[in-house]
Each structure stands twice: as C-alpha cells, then as structure tokens.
Amino acid sequence: MRTHYCGDINETLIDETVTFCGWVHRRRDHGGVIFLDVRDREGLVQVVFDPDTVEAFNTADSVRSEFVVQITGRVRGRPEGTINENMRTGKIEVLGKEINVVNKAATPPFPLDGYTDVGEDIRLKYRYMDMRRPEMQEKLRFRSKVSSHVRRYLEDNGFLDIETPILTRATPEGARDYLVPSRTHEHNFFALPQSPQLFKQLLMVSGFDRYYQIAKCFRDEDLRADRQPEFTQIDIEASFIDEEEIMSLTQGMITEIFEKELNVQLGEFPRMPYSEAMEKYGSDKPDLRIPLELVDVAEFLQDIEFKVFAGPAKDPKGRVAALRVPGGAEISRKQIDEYTRFVGIYGAKGLAWIKVNEIENGVNGLQSPIIKFIGEENTMDIMNKLGAQNGDIIFFGADKEVIVNEALGALRCKLGEDLNLYTCAWAPLWVVDFPMFEETKDGGITAIHHPFTAPSCSPEELKAAPTTALSRAYDMVLNGCELGGGSIRIHEQSMQETVFDVLGISEEEQQEKFGFLLDALKYGAPVHGGLAFGLDRLVMLLTGAQSIREVIAFPKTQSAACVMTDAPGEVGNAQLRELHIKLREKPKAES
C-alpha cells in the first residue's frame, strides 16, 4: 500500500512519485489550496492539493482530523520562506495526485494536533488515541530501543534468554500476590510471580550459567507514580560470580545505554554503605545531585527539659537530626508551614527551624521560636557543628529514627527540587552493605531484600546476631531512584535453612513453600548472584517522564484498574462454579 513512511520522505526524493499511508494530523484551506499534514509512526509530511486535480482536491477537502488516508503524489522542494527546520520532512512537500480514504474517523475525544491539558482518566480511557500523539510514540519507540540494547548487551556477554512460568505458587517477597484459582485442582490457587527469583536460581542449579529475561512481574500493592500492579523487569542471574563482577557487568550495561541513547557519560559510580546513606540522606536511594546532608545533633539535646527533643535524643531507637539549607533563610513562613504539612505525610509531628541572619552575633543573630527551649549554648554548639552561615535555614527532625529519616529525607529531596539545588544532571551510585534483616512493628524481623539473599557471615554468626548481620546485596541508584537491586544468593542448604529459622519459618512451612528449592540446593548448587532492573522506571528516567504510566503502552490507574477495558470486571456464575468459588454478598448500604 505504500512506498515510504511519512517521516522518511525528504529532499533526496525530489521529483519522485511516492505513496504513503497515515492519519490526517491537520487540515488547512489556504485560498483554494488544501494542505494536509499526514502522520504515521515515523513523523509528519505536508501534502498539497490544488484544484487542477479535481477528484483528489474534492476528496482532500472532505477529510477531517484522524481520517486514515492513502496518498500518491510527487515530492517537491518547499517554496522559499516556508521551510520548517524543526521537521524531518520540513524541506519538502508532496503535491498530491491521488487520495484514498481508507477509513473515516469520529471526532477525537481530545485534540491530537497540539498540546492540550487532558485529564489522565480520559487519556487512559482512549489510550489507543493517546498513543497516536508524537510524544507518546517517541517514548514507546525509545523503550523498544532500550529493550533491544539490553538484549544485545547481555547476549554479547554470554547470557541466554530463558522464560520462566507465570502461573506459579505464592512465595514471601514483600507484597501481596495476585492469585489465580485453579479449575482442575479444586480449592487451590496459582500466584502470579512477583519476580522470577526462585526459577532463575534453579536455572543456575541447572547449569545454564548466565540467564536473562525481560519479564512481566505482578505485585498487589498500593500504587504511586513509579509503581504498577504489573511491571517489566530486566532479570539477570549468573553463576560463579561475585559482587564485583555482577556490579561491573550491569554498570557497563547502564553506562552504555546512556552513552548510545542519550550521549551522556555517567562517569564513576561511587559505593556507599547503607548505614552512611541512611545517616547522611535518610534514604537507601539518595539523590546525590542535592548537596544537603542530615547531621545528628542528639548529643546537645539529651539533658534539656524540652521533651520533644530530649525524648528522641535519649531513645536508642530515636533520632534528632538537622538539615542545613544554604540560602534558605529566604523561605517564607507560609512555605515553612507547607513543608511542615509535607513532613507530616511521613509521620513527623512538626518541623522545627532556625534562620541564620547574623551568625557573628550569636543567638541574637538567629531567628526561631525553639531557641528558648534548647538553650543558647546548645544552639550555638549545633550551629558550629553544622557550619551554619548567614542566610541559612536549619530544619530539625526529632522522633523515632525511621520517621526522622523518612521525613527529613523526603524534605531534602523536595527542597532540592523547589530551590533548584541540583549540582549535576545525573548522579549514579551503588548502595552496598545492607543489613540482612530489619525489625517489624510487632517486634519480629523480616528480610530487607528477600530470604534468598546471602549474608556476609557464617550460619553460626547469623544465628547469634541476626539484627547486626550484613547481606551481600547491592542496589544501583540514579537521581534518587532505585534503578535495580540484587545480591549474591544463598547456595548452601544449611545457610538457607538458617535464614528461614531466623525468620521464624518452621520446618513444615519451609518444606511446604520452598521444598523444591531446598531439595535443589542438595544437588550441587553453584555460587550465583544477579540483579533486576525495573525497565519501566529506567525508561521513565531516560525520557524525563513524570510517571511510569507515560512509558507503558496500556498502564493501570492508581487504583489498579484499566478504564479502557473496564478491568477488573465481574464474571458469570457458571464460570465461578467451574472454579469452585462462591462470592459473598456485598454489604447493603445503609439507607
């Protein structure tokens, strides 16, 4: 039906006859001459119809936005003064000789020939129309290029693309599973995989040595801008490898993608222990573009009467930290109130502050309602430790350590964005030396990554001091986003059983849920490890999109629904009976 894509027609084809197909992007009538901008996935081309070709002219006059057309015409250079350097086809136009309306189109639910602020619900309902927009086409084409680059890089490094099952069984990986009832096994359920974790380890036991997969994963969890219930993971696993090797290999892949696709040199990836990241930045994925750090000041506040500070300062599980913002004294009281509400999202009960006007005048050069509670000497000791200078503002957090870290860590990032404090465009790093476990709210412990991560100690040492044990895990972080995370895995049955014991997983539960893995570890499992990248999040960062929904063809909403297909939906009683399921009646609304 065509000889060329619209966006590929250029000045090298002048005086040649071409045939192309696409959608009418824009129609203009200039004094008896019809101009059509026709669009396909490669771009736009301008077509001119004049009255000399009567039939074609009349047809062109009748078409409207988003009609599907097939056009044949002669390529010619644009007249002087009409060249558009911003278009690939901007130096030429096509003199239309024939036009065939392949399909008519109803009036689009929103304009596609220019930017319009359309609500996301409308865009998602008519996603097939939304994806016709050039910016959406570009993002999804870019995603395809990144996927191809990943495949080439890994295959060049000896990795095999092997698929793993979608219908599997539930395993504890940190989120709720999506369950699928089995028709043939009454009262039993499959689970959709949160990751291919156990299967890729079994592939290493099988001797495939190097595996990768661009895999669909599923997690039933509360959503946010960079989360979806179904997401795509670049899954990588290798045998006879250590942390340095897998980190070097995957760093090379990401570095190459940035070089080839964005012409960006990421440079060195510094290493930062988890403990340092939490102490300085309140986050295990710090944004190093922002030159602000949290500083502990509890030592100056343990003996004061002001319990808001003294309580957390003396609590082994508490923290009192300060965040110095150079030039922040210009922040208004209204803005401070907004930041106070912001940290409240993370559980902070307030946001204390001190403005530094004239540090050379001691406390008389400071402005704050809290100085009288913490004392002049303590205040100046804090100023000295922070290196406070005129024009600064100091924010304080005092609470349980986890609340202070989350609240001030988030505030640090918000201030970086609001005040444009970024010192560079890209700031990659590796976060390493994660704890094996963390305490839960009910006093138990849980694996920080997953229970298949290898600790950096012996089984005996792990049993003796589980809460201080470190893991052989590593996360790649870029601009405050976790691009990917992984670890060296447990390859010995005794160590795997020890981890399960520490987590309080009984022998019966071990066999029920992981018997196949424990059995596999008996038969000579190699040392192995890997890493998984979130493809959606990676492409979001590379394209500058505000949400991963912008780089997924058919995403779900914040409530994990598809408004285009109206999914999830109800199913009939006959199908439910086949699955041995009976629904409970919905509670009746009170009148």
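In what follows, the structure referred to is the one given above.
As a convention, each chain's residues are numbered from 1 in the sequence order in which they are written. Side-chain atom pairs in this predicted model are given and counted only at pLDDT of 80 or more, local residue features only at pLDDT of at least 70, and totals for whole chains, interfaces and linings cover all residues. Side-chain measures here rest on the full set of heavy atoms in the structure, leaving out hydrogens and waters.

(A) Region of the structure containing the sheet that holds strand S14 (residues 352-356). Should DSSP find at least two bridges between two strands, the strands are regarded as paired. Each helix is a run of DSSP H or I of at least 4 residues and each strand a run of E of at least 2, with the numbering of both proceeding from the N terminus. One open sheet holds the five strands; their spatial order is S12-S13-S16-S14-S15, and the pairing between them is antiparallel. Each having just a single partner strand, strand S12 (294-296) and strand S15 (366-367) make up the two edges of the open sheet. Inspection of the sheet shows S12 paired to strand S13 (residues 318-325) by three bridges, in the antiparallel sense. For Leu 294, the partnering residue across the bridge sits in S13 and is Leu 323. Two residues form a contact once any of their heavy atoms are found within 4.5 Å. Every axis corresponds to a line fitted to the C-alpha atoms, with the helix fit spanning only the stretch in contact, and the corresponding angles, defined between N-to-C directions, vary from 0 to 180 degrees. Sitting on the sheet, helix H12 (residues 401-418) is in contact with S12, S13 and strand S16 (393-400), with an inclination near 150 degrees to S16.

(B) Quick peek at the nonpolar core. Val 146, Leu 154, Met 253, Ile 254 and Phe 533 are the most contacted members of the largest nonpolar core, which totals 52 residues. With sequence-adjacent residues up to four places away left out, Met 253 is seen in contact with Val 150, Tyr 153, Leu 154, Ile 236 and Phe 533. To form a nonpolar core, buried Ala, Val, Leu, Ile, Met, Phe, Trp, Tyr and Cys residues must be joined to one another through side-chain atoms within 4.5 Å. Burial status follows relative accessibility: with a 1.4 Å probe on protein chains alone, a residue under 20% of its type maximum counts as buried, one over 50% as exposed, and anything between as partly exposed. Ranked by size, the runner-up nonpolar core spans 25 residues in total, among them Phe 309, Ala 352, Ile 370 and Ile 374.

(C) Quick peek at the packing of helix H14 (residues 493-502) against helix H15 (residues 507-521). Closest axis-to-axis distance for the H14/H15 pair is 10 Å, and the angle between their directions is 160 degrees. What the angle tells us is that H14 and H15 run roughly antiparallel. The interaxial crossing formed by H14 with H15 has right-handed handedness. Here H14 contributes Gln 493, Gln 496, Glu 497, Phe 500 and Asp 501 to the contact with H15, which in turn contributes Gln 510, Phe 514, Leu 517, Leu 518 and Leu 521. Residue classes in the contact of H14 with H15 are distributed as five nonpolar, three polar and two charged. Our angle categories are set so that under 35 degrees counts as roughly parallel, over 145 as roughly antiparallel, 65 to 115 as roughly perpendicular, and the remainder as oblique. Two helices crossing with the near one rotated counterclockwise from the far one by less than a right angle form a left-handed crossing, whereas a clockwise rotation gives a right-handed crossing. We call Asp, Glu, Lys and Arg charged. Ala, Val, Leu, Ile, Met, Phe, Trp, Tyr, Cys and Pro are nonpolar, and the rest, Gly among them, are polar.

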